[in-house]
Amino acid sequence: LGQIARAIRPLRGALILSGGVMLLVFAVSTGRSALAVIGAGLGSWLIFGAVSELWFRTGSAGFSRLARLPRADWGKAFAHAGMGVTFIGISLLMAWQVEDIRTAQIGQPFEVGGYQITLDAVEEAPGPNYMSTTATMTVAREGRVVAVLHPEKRVYPVQAMPTTEAAIDNGIFRDIYLVIGDPQQNGGWAVRSYIKPFANWIWLGCMLMALGGFISL
């Protein structure tokens with residue numbers, strides 16, 4: 001292993017440049033941002049590095065010594081792993097998120113990011129101090145209903161102020177946001193749809209970093 005490391009050391013610059021060329025080719029050939037590859041690589045490096053450091057500290061004792069490691073070591077591992085998870089979440093979210101703005105007709109499905117979204121109905125009803133326009137929208141994937149969401153638009157007459165209440169379907173690997181807008185002249189409704197992959201990984205990473213700090217303290 002020492003001989004291999006010495007042989008590779010002079011080629012580190014070439015290895016870095018080759019990695020850059022690989023990312024450029026990936027971006028050009030797929031049309032996707034290389035940010036996902038870079039972020040996922042850095043995040044995975046932090047996570048696996050944290051796990052490896054814990055393992056190396058156990059020495060030949062193996063798993064039996066893990067429970068006896070100082071809390072500071074566990075805290076540092078959790079914090080580094082949390083930062084890695086955050087890197088992965090941010091990079092994949094920025095690279096793969098999908099935004100769609102269109103006029104949707106009632107009963108006519110449209111596709112966004114692999115999901116079939118249908119505006120089923122729009123109802124208007126009075127609220128405590130506002131007028132509400134609430135939509136019923138079905139989200140399906142490969143013929144299976146994933147969620148039924150109810151985005152809402154409110155108008156407060158006293159303040160003459162409209163607000164939008166996005167409907168959100170949370171998931172481990174993606175969040176779906178739907179927003180209902182104004183009625184259009186052709187009879188449809190303005191609809192905004194957002195598919196945000198790995199958004200919850202950002203929160204998970206932050207919680208792991210906070211947990212690491214708490215364990216260290």
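Our structure's up above, just so we're on the same page.
Note that this is a predicted model, so its numbers are computed, not measured. (Residues numbered from 1 in each chain as written. Predicted model: local features only at pLDDT ≥ 70, side-chain atom pairs only at ≥ 80, totals over all residues. Heavy atoms only, no water.)

## Some points on the overall build of the protein
Keep this limit in mind: Per the convention used, a helix needs a DSSP run of H or I reaching at least four residues, while a strand needs a run of E reaching at least two, with both numbered from the N terminus. Each residue's exposure class comes from its accessible area (1.4 Å probe, protein chains only) as a fraction of the maximum for that residue type: buried when under 20%, exposed when over 50%, partly exposed otherwise. Residue contacts are defined here by distance: any two heavy atoms, one from each residue, within 4.5 Å place the two residues in contact. All accessible-area figures derive from a Shrake-Rupley calculation using a 1.4 Å probe, and residue coverage is judged against the displayed protein chains alone.
Counting its regular elements, the protein contains five helices and ten strands. Counting over 217 residues, the protein shows a buried share of 33%. Taking the contacts inside the protein whose residues are at least 6 apart along the sequence as the reference set, 49% of them involve residues at least 24 apart. For the protein, the accessible area works out to roughly 13500 Å², and carbon and sulfur atoms hold 64% of it.

## Some points on the side chain of threonine 133
Following the sequence through the fold, threonine 133 ends up in strand 4 (residues 131-141). For threonine 133, a relative accessible area of 13% corresponds to the buried category. Beyond its immediate chain neighbours, meaning those up to four positions away, threonine 133 contacts Val122, Glu123, Glu124, Pro151, Glu152, Lys153, Ile180 and Trp189.

## Some details on unusual backbone geometry
For glutamate 142, which is not glycine, the phi torsion reads 55° and is therefore positive. Within the secondary structure layout, glutamate 142 lies in the loop between strand 4 and strand 5 (144-149). A positive phi angle, close to 60°, is found at phenylalanine 198, a residue other than glycine. Examined against the element boundaries, phenylalanine 198 turns out to sit in the loop between strand 10 (189-197) and helix 5 (199-216).

## Here we look at the nonpolar core
The line we're drawing: We define the nonpolar core as a collection of buried residues of types Ala, Val, Leu, Ile, Met, Phe, Trp, Tyr and Cys that are connected through side-chain atoms lying within 4.5 Å of one another.
Core analysis: the biggest nonpolar cluster contains 19 residues, and Phe110, Ile117, Leu119, Met137, Val139 and Leu178 have the highest contact counts within it. Those elements that place two or more of their residues in this core are strand 2 (110-112), strand 3 (115-126), strand 4, strand 5, strand 9 (174-183) and strand 10. Counting residues per element, this core draws most heavily on strand 3, at four residues. Apart from residues no more than four positions distant in its own chain, leucine 119 is found in contact with Ala104, Gln105, Ile106, Gly107, Ala135, Thr136, Met137, Ile180 and Trp189.

## Digging into the packing of aromatic side chains
What counts is decided by this rule: Any two of the Phe, Tyr and Trp rings considered here, Trp counted by its six-membered ring, make a pair once their centres fall within 6.5 Å; the pair's planes then place it as stacked at under 30 degrees, edge-to-face at over 60, or tilted in between.
Counting across every chain of the model gives five aromatic pairs. Between phenylalanine 173 and tryptophan 201, the ring centres sit 6.3 Å apart and the planes meet at 40°, which makes this aromatic pair tilted. Of the two residues, phenylalanine 173 is situated in the loop between strand 8 (167-169) and strand 9 and tryptophan 201 in helix 5; the sequence distance between them amounts to 28 residues. Members of the aromatic cluster, each reached through a chain of ring pairs, are Phe173, Phe198 and Trp201.

## Considering the packing of helix 3 (residues 35-58) against helix 4 (residues 71-96)
Under the convention used in this document: Note on geometry: axes are C-alpha line fits, over the in-contact stretch for helices, and angles between N-to-C directions span 0 to 180 degrees. The scheme is simple: roughly parallel for angles under 35 degrees, roughly antiparallel for over 145, roughly perpendicular for 65 to 115, oblique for anything else. The sense of a crossing depends on the near helix, which, turned anticlockwise from the far helix by less than a right angle, makes the crossing left-handed and, turned clockwise, makes it right-handed.
Running from N to C, helix 3 and helix 4 cross one another at 165°; their axes reach a closest spacing of 7 Å. Here helix 3 is positioned roughly antiparallel relative to helix 4, judged by the angle of their axes. Helix-helix and strand crossings are classified by hand; for helix 3 and helix 4 the assignment is left-handed.

## Some words on empty space enclosed by the protein
So the rule is basically this: Computed over the protein atoms alone on a 1 Å grid, cavities are sets of points where a 1.4 Å probe fits but cannot get out and pockets are open sets with protein on both sides within 12 Å along at least five of seven lines; a residue lines them when it has an atom within 4 Å of a point. Grid points are joined across faces, edges and corners, and a volume is the space filled by probe spheres set on the points.
Under the definition given, this model contains one cavity of 30 Å³ or more. Size it by volume and the largest cavity reaches roughly 30 Å³. In terms of lining, the largest cavity is formed by Ala50, Glu53, Leu54, Arg57, Asp73, Lys76 and Ala77. When contributions to the lining of the largest cavity are tallied by element, the ones reaching two or more residues are helix 3 and helix 4. Among the elements that take part in the lining of the largest cavity, helix 3 stands out by supplying four residues, more than any other.

## Focus on the environment of isoleucine 168
Here isoleucine 168 lies in strand 8. The sequence separation of isoleucine 168 and valine 148 amounts to 20 residues, and the corresponding C-alpha distance is 9.9 Å. Those residues within four positions of isoleucine 168 in sequence are excluded, and the remaining contacts are Leu149, Ile176 and Tyr177.

## Brief notes about the pattern of salt bridges
Test applied: A pairing counts as a salt bridge when a side-chain nitrogen of Lys or Arg comes within 4 Å of a carboxyl oxygen of Asp or Glu.
Inspection of the entire model under this criterion finds five salt bridges. A salt bridge links glutamate 53 to lysine 76, with the nearest nitrogen and oxygen atoms 3.0 Å apart. Here lysine 76 lies in helix 4 and glutamate 53 lies in helix 3, a separation of 23 residues in the sequence. A relative accessible area of 31% places lysine 76 in the partly exposed class. A salt bridge links arginine 174 to aspartate 169, with the shortest nitrogen-to-oxygen separation between them at 2.9 Å. Residue class for arginine 174 comes out buried when judged on its relative accessible area of 15%.

So, to be careful, I would describe these as geometric facts and stop short of saying anything about function.
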